[in-house]
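A look at the structure
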Amino acid sequence: MTLAGRAARAAGPPLAVLAAVLGVWYAVTYLALAPRRRFLLPPPHTVLTDGFGDWTTFGETLRGLGTTAKVALTGLAIATALGMTFAVLMSQAGWVERSFYPWAVVLQTIPILAIVPLIGFWLGYGFWSRTVVCVLVALFPIITNTLFGLQSTDAGQHDLFTLCRASRWTRLVHLEFPTALPAIFSGLRISAGLSVIGAIVGDFFFRQGQPGIGSLIDDYTQRLQSAPLFAAIIVASLFGLTVFWLFGLAARLTIGAWYTPSRRS
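Predicted, not measured: the structure shown is a model, and the values here were computed from it. (Residues numbered from 1 in each chain as written. Predicted model: local features only at pLDDT ≥ 70, side-chain atom pairs only at ≥ 80, totals over all residues. Heavy atoms only, no water.)

**As for the overall build of the protein**
The secondary structure content of the protein amounts to 10 helices and zero strands. Counting from the amino terminus, the protein carries its helices and strands in the arrangement α-α-α-α-α-α-α-α-α-α. When the backbone C-alpha atoms are referred to their principal axes, the protein occupies close to 75 × 60 × 30 Å. Residue pairs at least 24 apart in sequence account for 71% of intrachain contacts in the protein once pairs closer than 6 positions are excluded. (Helix = DSSP H or I, 4+ residues; strand = E, 2+ residues; numbered from the N terminus. Contact = heavy atoms within 4.5 Å.)

In structure tokens, the structure reads:
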């Protein structure tokens, strides 16, 4: 298959879905909503002209995105360091896994909106409170995927390292960690999207300092500015997709030469 054919095969289905979504969007706006209620769902071209074409509004959205991106990436970096550290410790000692993993599950099941006020009480309402929300949201997938990958090493390979009298560190670095890389990157891609969600949630509650895109979404909602609201949502979604794609690209560059996931045609 030619390069153009592969590109068309990869991009065709998503573009077809996008066209269908835009068609339904226009139909709902002009057929289901009365003219006086079309502010609830402005047509796509209005979102483009008022949300993206107005530089004052779009510049405000981009500045908010910059603040949210800084929070999301900082939280993701901290969650990655903590999650991988805990996963390695749990893979090396059963008592650590039995002691800490249940609490990681508990942390995942706590509704984040229920503890956001506590975070504000303890840390204030600025940058680090937003970052903590990102860490709490993004931590669990990194722990579980890294731990799963580290514990999925083939038993025969473990026996080979035992015959060679390899140390625990050598076994971890040269056997378990390379085997775990596909699972680690899967966890990172999941947590990348979650960190963006966590940053936006933090923006809604913690408004000290430069406003993030979540704060702008809340402001546009209260002012019934539907076109800038949709533009801000689209920009936030594109940022999440970009971070997800970058981790996918990093995975292909790192492990693509020797790891090929099974796919259905």
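Moving on from the coordinates now.
**Thoughts on the packing of helix H8 (residues 168-205) against helix H9 (residues 213-222)**
Packing of H8 against H9 brings their axes to within 6 Å, and their N-to-C directions diverge by 55°. Viewed along their axes, H8 and H9 adopt a mutual orientation that is oblique. For the crossing formed where H8 meets H9, the hand is right-handed. Listed contacts from H9 to Ile-200, Asp-203 and Phe-204 of H8 are Ile-213, Gly-214, Ser-215, Ile-217 and Asp-218. (Axes fitted to C-alpha atoms, helices over the stretch in contact; angles between N-to-C directions. Parallel < 35°, antiparallel > 145°, perpendicular 65-115°, else oblique. Left-handed = near helix turned anticlockwise from the far one by under 90°.)

**Points about the pattern of salt bridges**
Evaluated as defined, the whole model comprises one salt bridge. Between Arg-130 and Asp-203 there is a salt bridge, with its nearest N and O atoms 3.3 Å apart. A residue pair is termed long-range when its members are at least 10 positions apart, and Arg-130 in helix H6 (residues 127-150) and Asp-203 in helix H8 qualify at 73 residues. Summarising the burial analysis for this pair, Arg-130 and Asp-203 share the class buried. (Salt bridge = Lys/Arg side-chain N within 4 Å of Asp/Glu carboxyl O. Buried < 20%, exposed > 50% of the residue type's maximum accessible area, 1.4 Å probe, protein only.)

**Overview of the side chain of Thr-67**
With respect to the secondary-structure elements, Thr-67 resides in helix H3 (residues 55-92). Excluding its chain neighbours within four sequence positions, the residues that come into contact with Thr-67 are Arg-130, Gln-210, Pro-211 and Gly-212.

**Things to note about the side chain of Thr-80**
The topology assignment puts Thr-80 in helix H3. Of the residues examined, Thr-80 reaches a relative accessible area of 18% and is grouped as buried. In contact with Thr-80, other than residues within four places in its own chain, are Ile-142 and Leu-188.

**Some words on the nonpolar core**
Formed by 22 residues in total, the largest nonpolar core has its most connected members in Ala-79, Met-90, Ile-143, Leu-181, Ile-184, Phe-185 and Leu-188. For this core, the secondary-structure elements that each account for two or more residues are H3, helix H4 (94-109), H6, H8 and helix H10 (226-255). Top contributing element to this core by residue count: H6, with eight residues. Excluding anything up to four places from it in sequence, Leu-188 contacts Thr-80, Ile-142 and Phe-247. (Core = buried A, V, L, I, M, F, W, Y, C linked by side-chain atoms within 4.5 Å.)

**Notes on the packing of H6 against H8**
Between H6 and H8, the least distance of the axes is 7 Å, while the angle of their chain directions is 155°. Between H6 and H8, the crossing angle belongs to the class labelled roughly antiparallel. By crossing handedness, the relation of H6 to H8 is classed as right-handed. A class-by-class count of the residues in the contact of H6 with H8 yields 18 nonpolar, 10 polar and three charged. (Nonpolar A, V, L, I, M, F, W, Y, C, P; charged D, E, K, R; others polar.)

**Side note on H3**
Since the α-helix turns once every 3.6 residues, residues separated by three or four places project in the same direction. With 38 residues, H3 extends 54 Å between its outermost C-alpha atoms, agreeing within 8% with the 56 Å of an ideal straight helix rising 1.5 Å per residue. The distance from a side-chain oxygen at the start of H3 to the backbone nitrogen of Thr-56 is 3.2 Å, and the residue carrying that oxygen is Asp-54. (Expected span 1.5 Å × (residues − 1). Polar contact = N/O pair within 3.5 Å; in protein donor to acceptor, adjacent residues only side chain to side chain.)

**Quick notes on a nonpolar patch on the surface**
Among the surface-exposed residues, Ile-78, Leu-82, Phe-86, Leu-89, Trp-95, Phe-100, Phe-127 and Trp-128 lie close enough to one another that they form a single nonpolar patch of about 770 Å² accessible area. Examining the composition of the nonpolar patch, we find that four residues originate from one element, H3, more than from any other. (Patch = residues over 30% accessible without salt bridge, like charges linked within 9 Å, V, L, I, M, F, W, Y side chains within 5 Å. Areas by Shrake-Rupley, 256 points an atom, 1.4 Å probe, with all protein chains shown as cover.)

**Thoughts on the packing of aromatic side chains**
Enumeration according to the criterion identifies eight aromatic pairs in this entry. With 6.2 Å between their ring centres and 10° between their planes, Tyr-26 and Tyr-30 make a pair best called stacked. Taken together, the residues span about one helical turn, with Tyr-26 and Tyr-30 both in helix H1 (residues 3-32) at a distance of four residues. Judged by relative accessible area, Tyr-26 falls into the partly exposed class, the value being 31%. Between the aromatic rings of Phe-52 and Phe-58, the centroid separation amounts to 5.3 Å while the plane-to-plane angle is 55°, which identifies the pairing as tilted. Within the aromatic cluster, the residues linked to one another by ring pairs are Phe-52, Trp-55 and Phe-58. (Phe/Tyr/Trp six-rings, centres within 6.5 Å; stacked < 30°, edge-to-face > 60°.)

Nothing here speaks to function; it is all geometry.
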